[in-house]
Amino acid sequence: MSPIDKHHTSAQQNDFDAIIIGAGFAGMYMLHKLRGQGLRVRVYERGDDVGGTWYWNRYPGARCDLESMDYSYSFDDDLQQDWDWQEKYGTQPELLKYASHVADRFKLRSDIVFKTKIRSARYNKEAQAWTITTDQGDAVSTTHLILATGNLSTPQLPKIKGVESFSGRRLHTGAWPHDPVSFKGRRVGIIGTGSSAIQAIPIIADQAEHLTVFQRTANFSIPARHGPLSKADSKAYKARYTEHRATAKETPFGIAKYKTPTRSCWDVDDTERQNIYEKAWAEGGQALLFAFTDLLTDSKANETAAEFVRERIRKAVNDPAVAELLCPKDHPIGTKRLCLDSSYYETYNRGNVSLIDVKNTPISHIEADAVVVGHDRYEIDDLVLATGYDAMTGVARDMDIVGEGGMDLARLWAGGPQTYLGLMVANFPNMYMITGPQSPGVKSQMILSIEHHVELIAAIIKKAQIPGSATVRVEQDAQDGWVEHNNAVADSTLYTEAASWYMGSNIPGKAQVFMPYVGGVKRYRAYCDEVINDGWRGLKFSA
Ligand code: N01
């Protein structure tokens, strides 16, 4: 008899009403919410403290690309009024401090088991329970299972020959050491030019003797224009917090100031269009993408914005050949996550920074002390891997999650994720995902989407507590309809033209399917409201 079977035959009642995997912003709020409903809840977290993304991503320059006043919890007015953000965009240390403050304030840590990784989760129909096993050898049962595992939490080593044999310091941005890392006097190589690298490069360049950047795909980046947050600005925002939070829910991205655009790019002449882009560039942040209705649906419209940014890159970088290499030309702007930076392009004007194109001549292999590209050998002391994540579905591949009828989640999703609203999966009863694939999560202000999902899950669980409703299943038709809708919305945009982690393109062998919901926050929330008003259409509650 396996430990799992033994556990079930001896248990009269499940150990917990709910188990939550992950103690980032999603897991913390879910714990607070369910405890408030009187449930017995346990959270498992592989790190040794709360914070999720902000616990792991300690690379130099790590900060949020959404403004702190928006990227924060709204569920408790006292919390949002009491907490004072110091800078416009939260730094990783400040965000981690905020997570810790929330954990203290709501006394969350007593129900979180740290330094524990979940190995497997299996549904047992007879026991009406999930059994969870951990890397510490525990097996516990729960009525409800909630994956608060994040979308970018499975760091990827690049599939480059010899990467394991590098004998200097090898650092992945998503699993950065906790002790400070100094690059003073070091020859550093960095692979990757996504959001993480674009934040880290200017800071590493400032310290290192020499920094060599290995770029496969140039990315569009916009100045963050970040700086200190004045007490007066913070106070004014807080005075209208309720209104800002409500407005955010009516926008595509979940940010109050990025309203749904109303004009096509072709409604204005070239001069006015240029002025609008100039204004968005001066404002910084994601504003540029919300300038017109058709930037992400019409290639020609998109090209007007893309060329505007390329012109800014050419102006910022002194060497025309380097500038041209930094100009993205193989994907529409905004179809990969738009990066925000502080002096990224200008960093290439420094004498101690070189840019190596590894698109035309890929990195052939890595040796103990060098990265080899074709016939060229770049000797380095430290190798920084800013090579991203097995995004959105990586966790399903990492854990052994088995639902009804022996259905294996990783196998089910081998051809791309299948979910109902990015929230639940057919044949996985009482299992929920916070900002799962096919929900707007990563294409929105994440904490707003987390709060929405936490509240939906809490409401489903409340309904399941009514006698005779304990098991919640997704109807296959409802799921198929949502998958079809998700794909149709993505296909009506330019998003599918980019080889991005949204598409799974960064992981060799992964199905190329567009994963997030890009219909926008407002539309998604309206759809969910309809589902609820229709008696939780698509969900079946049974004894
Ligand atoms: O990862 P990425 P990231 N040889 O996947 C390159 C969020 N985030 O950690 O594009 C050479 O974007 C790869 O090249 P290519 C944000 O949502 C947010 O930077 O595949 N290069 C790419 O350049 C973001 O989108 C914040 O051709 C290789 C890079 O590595 C997401 O996290 C900050 C390679 C990976 O870029 C992920 O960002 C940071 C190889 N074999 C991150 N393999 C903020 O809030 C991979 N690459 C600000």
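What counts, and at which threshold
- Residues numbered from 1 in each chain as written.
- Predicted model: local features only at pLDDT ≥ 70, side-chain atom pairs only at ≥ 80, totals over all residues.
- Heavy atoms only, no water.
- Buried < 20%, exposed > 50% of the residue type's maximum accessible area, 1.4 Å probe, protein only.
- Helix = DSSP H or I, 4+ residues; strand = E, 2+ residues; numbered from the N terminus.
- Right-handed = clockwise from strand over helix to strand, strands pointing away.
- Near = heavy atom within 4 Å.
- Polar contact = N/O pair within 3.5 Å; in protein donor to acceptor, adjacent residues only side chain to side chain.
- Areas by Shrake-Rupley, 256 points an atom, 1.4 Å probe, with all protein chains shown as cover.
- Nonpolar A, V, L, I, M, F, W, Y, C, P; charged D, E, K, R; others polar.
- Domains from an automatic or database assignment.
- Pairing = 2+ DSSP bridges.
- Axes fitted to C-alpha atoms, helices over the stretch in contact; angles between N-to-C directions.
- Core = buried A, V, L, I, M, F, W, Y, C linked by side-chain atoms within 4.5 Å.
- Contact = heavy atoms within 4.5 Å.

Undergrad: If you had to explain the pairing of strand E11 (residues 210–215) to someone new, which residues and values would you point to?
TA: For a regular strand, side chains alternate in direction, first toward one face of the sheet and then toward the other. Taken across its six residues, E11 has five buried, putting it largely inside the fold. A crossover connection joins strand E10 (residues 187–191) to the parallel E11 through helix H6 (residues 195–207); in handedness this β-α-β unit is right-handed.

Undergrad: Can you break down the site of the ligand residue by residue, with the values?
TA: The full set close to the ligand counts 23 residues, and Thr 193, Ser 196, Arg 216, Thr 217 and Trp 501 are the nearest of them. The backbone of Ser 195 places a nitrogen or oxygen atom 3.0 Å from an oxygen atom of the ligand. One nitrogen or oxygen atom from the side chain of Trp 501 is found 2.8 Å from an oxygen atom belonging to the ligand. Expressed as a share of its isolated accessible area of 910 Å², the protein-covered part of the ligand is 87%. Elements with a contribution of two residues or more to the shell around the ligand: strand E3 (63–67) and H6. Across the shell around the ligand, the residue classes break down as nine nonpolar, nine polar and five charged. Two domains share the shell around the ligand, each providing at least three of its residues, namely domain 1 (3–154 + 390–542) and domain 2 (163–385).

Undergrad: Provide a residue-level description of the sheet that holds strand E16 (residues 370–373), including the pertinent values.
TA: Ordered in space as E15-E16-E17, the three strands form an open sheet in which the pairing is antiparallel. Strands at the two margins of the open sheet, each flanked by one partner only, are strand E15 (363–367) and strand E17 (376–379). Mean inter-strand twist for the sheet, computed between neighbouring axes without regard to direction, equals 20°. Sheet topology note: the E15/E16 ladder contains four bridges and is antiparallel. Note that in E16 the partner of Glu 367 across the bridge is Ala 370.

Undergrad: So what's going on with the nonpolar core? Residues and values would help.
TA: Within the largest apolar cluster, 135 residues are counted, with the highest numbers of intra-cluster contacts made by Phe 25 and Ile 146. If you tally residues by element for this core, the top one is helix H14 (residues 446–464), at ten residues. Look past the residues within four positions of Phe 25 in its chain and what remains in contact with it is Trp 54, Tyr 71, Tyr 73, Leu 95, Tyr 98, Ala 99, Ile 447 and Ile 450. In terms of nonpolar packing, the next biggest core, distinct from the first, is built from 23 residues, Ala 396, Val 425, Met 431 and Met 433 among them.

Undergrad: Can you tell me about the environment of Asp 15, naming the residues and giving the values?
TA: Here Asp 15 is to be found in the loop between helix H1 (3–10) and strand E1 (16–21). Among the residues examined, Asp 15 registers a relative accessible area of 29% and is labelled partly exposed. Placed 187 residues apart in sequence, Asp 15 and Pro 202 show a C-alpha to C-alpha distance of 50 Å. A polar side-chain atom of Asp 15 sits 2.9 Å from the main-chain amide nitrogen of Ser 141.

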